[in-house]
Amino acid sequence: MTAPTFTNDAIVFGILMISLGFVFYTESKTSGFWHKFYKIVPGLFMAYFIPAIFTTLGVIAPEWETVSTAGEAVKGKSQLYYVASRFLLPAALVLMTLSIDLKAIFNLGSKALIMFFTGTVGIIIGGPLAILLISIFSPDTVGGAGFDAVWRGLSTLAGSWIGGGANQTAMLEIYQYNPAKYGGMVFVDIVVANIWMAILLIGIGRKDKINKWLKADTSAIEELKEKVSSFTQSVKRNPSLTDLMIMLAIAFGTVGFGHFAASYLSGLFSNLVAGIESETWKNVFTFLGSSFFWLISISTIIAIILSFTKAKNYEGAGASKLGSVFIYILVATIGMKMDLAMIFDNLGLIAIGLVWMSIHAGLLILVAKLIRAPYFFLAVGSQANVGGAASAPIVASAFHPSLATVGVLLAVFGYAIGTVGAILCTILMEIASKV
């Protein structure tokens, strides 16, 4: 990607914040065009989509490459997503989890897990089915030989869409896809996963109609939301400067400890995993060497522990609202990674990805209809697979801030099964590519 108009992160951050301010200002309108507009399109989607438009127009970019005066290629990269995902995301999870009712979370029942595993199965069978369908129209798209075989590259997508980045890297190591072509698979991952996330966000604005069509029982979710809302009202107060500073201290103090512990644990487990003789089992447990996995896990565990203390009362001072600010900034940085024009750059691989994701979505809808699962479980169960810990809490918190922890717990579980599920999917894709 060529250099955008603005490469200074301070300027880019200002553009993203202005975009968010515009979304919230227009969404607050109680009549007129914007009032009607936001009845159809959720504000969270616009917070994601506007930065994507700026990236498409070349105003901003997640990364770029230019040529220096000496004729050498110079690469640049924005650090905003890294900061948002490594600092603001775990801080948001802490603030949103302070008021959690763990018993009520467990009372949500088995449908959350059923939909999560349905999403996993959808990815596992979606890959080989997509190869079979696309091969009918374009055999070359799913062809390739040796380390250039497309199914090897698609194995990295399976790792990413069931688990996360660590699982994706593990699949690249296992199946040794040509590194020179790996960028194309990363591109498909970004485009297709972001399109699907956009669709899920739009669906949140119509969740009542969707739940009615699914004949879903939303009583457990509404009970949890009501409990949190009632508790918030009982401890509600105008936040003082002291309240705000203490909440930030709790959030970023936890994040700081999370980074400290994550660096130690990821190094420890990386050495332990490296000592495993079996290459298969070594790659299965690769996620344990991911510092991001430990950061999210540790931050969430500490937040759950704090929810049993007086820190819980900071919900009345707006803890979850402050956490939501961080989540929206993260959403904007994710939107910034999406160049809408890229969709047309590699239509063959994009077609495989879209068919694959459609099968995943179709299976989720079918099972949700059969078991009458609420749209919340469908959306979060899917995003815990496809988006992982960076975006599952975003989708979950869009329903209610108290539900963010559900997305985190499922996403962390996805890391654990990601490589095993991806290996099974890849075996099936290899068979499908040779049919």
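Residues numbered from 1 in each chain as written. Predicted model: local features only at pLDDT ≥ 70, side-chain atom pairs only at ≥ 80, totals over all residues. Heavy atoms only, no water.

## Comments concerning unusual backbone geometry
Heads up, the rule is: Only DSSP runs of H or I reaching four residues or more are called helices, and only runs of E reaching two or more are called strands; each is numbered from the N terminus. For each residue, the accessible area found with a 1.4 Å probe, counting protein chains only, is set against the maximum for its type, and the residue is called buried under 20%, exposed over 50%, and partly exposed in between.
Despite not being glycine, lysine 215 shows a phi value in the positive range, around 55 degrees. When you line up the elements, lysine 215 lands in the loop between helix 10 (207-214) and helix 11 (219-235). Positive phi outside glycine occurs at arginine 372, with the angle close to 60 degrees. Structurally, arginine 372 is set in the loop between helix 16 (347-371) and helix 17 (375-386). On the basis of relative accessible area, arginine 372 is assigned to the partly exposed category, the value being 46%.

## Digging into a nonpolar patch on the surface
As a reminder of what qualifies: What makes a patch is a set of residues exposed beyond 30% relative accessible area and free of salt bridges, joined within 9 Å when like-charged and within 5 Å when nonpolar (Val, Leu, Ile, Met, Phe, Trp, Tyr). Where accessible areas are quoted, they stem from the Shrake-Rupley method and a 1.4 Å probe; at the residue level, only the protein chains shown are allowed to cover. The rule for a salt bridge is simple: a side-chain nitrogen of Lys or Arg has to be within 4 Å of a carboxyl oxygen of Asp or Glu.
Taken together, the side chains of Val121, Ile125, Leu129, Leu132, Leu424, Ile427, Leu428, Ile431 and Val435 define a hydrophobic patch exposed on the protein surface, amounting to about 730 Å² of accessible area. Listed by contribution, the elements that provide at least two residues to the nonpolar patch are helix 6 (111-137) and helix 19 (404-433). Along the chain, valine 121 falls in helix 6. The class for valine 121 is partly exposed, based on a relative accessible area of 39%.

## Focus: helix 15 (residues 319-336)
Keep this limit in mind: Here the expected length of a helix is defined as 1.5 Å per residue gap, with one fewer gap than residues.
If you check helix 15, its first and last C-alpha atoms are 26 Å apart, about what 18 residues at 1.5 Å a residue would give, namely 26 Å. Of all the 18 residues making up helix 15, 16 are buried; the element is thus mostly covered by neighbouring parts of the structure.

## Observations regarding the nonpolar core
Grouped burial of nonpolar side chains is what soluble globular proteins tend to show. Note the following rule: The set of buried Ala, Val, Leu, Ile, Met, Phe, Trp, Tyr and Cys residues whose side-chain atoms join them within 4.5 Å is what this entry labels a nonpolar core. The contact criterion used is simple: two residues touch if any of their non-hydrogen atoms lie within 4.5 Å.
Counting 139 residues, the largest nonpolar core has Leu154, Trp161, Trp356 and Phe376 as the members making the most contacts within it. Apart from residues no more than four positions distant in its own chain, phenylalanine 376 is found in contact with Ile221, Gly381, Ala396, Phe399, Leu403 and Val406.

## Overview of the packing of helix 17 against helix 18 (residues 392-399)
Filter applied, for reference: To define axes, lines are fitted to C-alpha atoms, for helices over the stretch in contact only, and angles between the resulting N-to-C directions are given on a 0 to 180 degree scale. Orientation categories follow fixed angle ranges, with anything under 35 degrees roughly parallel, anything over 145 roughly antiparallel, 65 to 115 roughly perpendicular, and all other angles oblique. By the definition used in this description, the sense in which the near helix is turned from the far one sets the handedness, with an anticlockwise turn below a right angle giving left-handed and a clockwise turn giving right-handed.
Between helix 17 and helix 18, the least distance of the axes is 8 Å, while the angle of their chain directions is 165 degrees. As far as their axial angle goes, helix 18 and helix 17 are roughly antiparallel. Judged by the twist between their axes, the crossing of helix 17 over helix 18 is right-handed. Between helix 17 and helix 18, the contacting residues are Tyr375, Phe376, Ala379, Val380, Gln383 and Ala384 on the first element and Ala392, Val395, Ala396 and Phe399 on the second.

## Some words on the side chain of serine 78
Stated precisely, the cut-off is as follows: In the analysis that follows, any N or O atom pair within 3.5 Å is treated as a polar contact, provided that within protein one partner can donate a hydrogen and the other can accept it, and provided that, for residues neighboring in sequence, both atoms belong to side chains.
Positionally, serine 78 belongs in the loop between strand 2 (73-77) and helix 4 (80-97). Using a relative accessible area of 8% as the deciding quantity, one classes serine 78 as buried. At 3.2 Å, the side chain of serine 78 forms a polar contact with the backbone nitrogen of leucine 80. Residues within four places of serine 78 in sequence aside, it is in contact with Asp9, Ala61, Pro62, Trp64 and Met336.

## A few points about the pattern of salt bridges
What the rule picks out here adds up to three salt bridges. A salt bridge links lysine 225 to glutamate 222; its shortest N-O distance comes to 3.4 Å. Taken as a pair, lysine 225 and glutamate 222 lie in helix 11 at a separation of three residues, close to a single helical turn. Residue lysine 225 is classed as buried on the basis of its relative accessible area of 14%. One salt bridge connects lysine 434 with glutamate 430, and the closest N-O pair in it is separated by 3.1 Å.

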